[in-house]
Amino acid sequence: MSISLSDKMRGFIKSRVEGGDYHNESEYIRDLVRRDQERLKNEEGLIAELDAAMASGISDQKIPDIMREVKARLKADGRL
């Protein structure tokens, strides 16, 4: 595989490697690809959750009730 980069981009990648964050340019590029794959996976999950929420219809609960339920769930999970 061959890619073309501007001098500015090449310089940036080189600075990341020289800064000790990566062993070489290929490692940096692979990390970018992995992060993009993870971002897409998270995005797809979020879209699926939004679709499910839309399909579930309109809630008859009031906002304060929903907030209490969410806080209780977060406390139970140890996230709050």
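Structure shown above.
These remarks concern the structure in this document. Note that the structure is predicted; figures quoted are calculated from it, not measured.

This brings us to the overall build of the chain. Counting its secondary structure elements, the chain contains three helices and zero strands. Put simply, the chain runs from its N terminus to its C terminus through helices and strands in the order α-α-α. Each principal axis of the C-alpha distribution contributes one length, and for the chain these read about 55 × 30 × 20 Å. A burial count over the chain gives 6% of its 80 residues as buried. Only carbon and sulfur atoms are counted for the fraction: they give 57% of the accessible area of the chain, which is about 7,300 Å².

Here the focus is the packing of aromatic side chains. This model, assessed by the stated rule, comprises two aromatic pairs. Between F12 and Y28, the ring centres sit 6.3 Å apart and the planes meet at 70 degrees, which makes this aromatic pair edge-to-face. One end of the pair, F12, is in helix α1 (residues 7-18); the other, Y28, is in helix α2 (residues 25-55), and 16 residues separate them in sequence. By relative accessible area, F12 is classed as partly exposed at 44%. A relative accessible area of 8% places Y28 in the buried class. Cluster of aromatic residues (ring-pair linked, three or more members): F12, Y22 and Y28.

The final tally for this structure, using the stated rule, is nine salt bridges. Of the charged contacts in the structure, one is a salt bridge between D36 and R39, with a shortest N-O distance of 2.7 Å. You can see D36 and its partner R39 sitting in helix α2, three residues apart, about one turn around the helix. Under the relative-accessibility criterion, D36 is labelled partly exposed at 35%. R39 gets classed as partly exposed once you look at its relative accessible area, which sits at 42%.

Here is what the cut-offs are and how they apply
Residues numbered from 1 in each chain as written. Predicted model: local features only at pLDDT ≥ 70, side-chain atom pairs only at ≥ 80, totals over all residues. Heavy atoms only, no water. Helix = DSSP H or I, 4+ residues; strand = E, 2+ residues; numbered from the N terminus. Buried < 20%, exposed > 50% of the residue type's maximum accessible area, 1.4 Å probe, protein only. Areas by Shrake-Rupley, 256 points an atom, 1.4 Å probe, with all protein chains shown as cover. Phe/Tyr/Trp six-rings, centres within 6.5 Å; stacked < 30°, edge-to-face > 60°. Salt bridge = Lys/Arg side-chain N within 4 Å of Asp/Glu carboxyl O.

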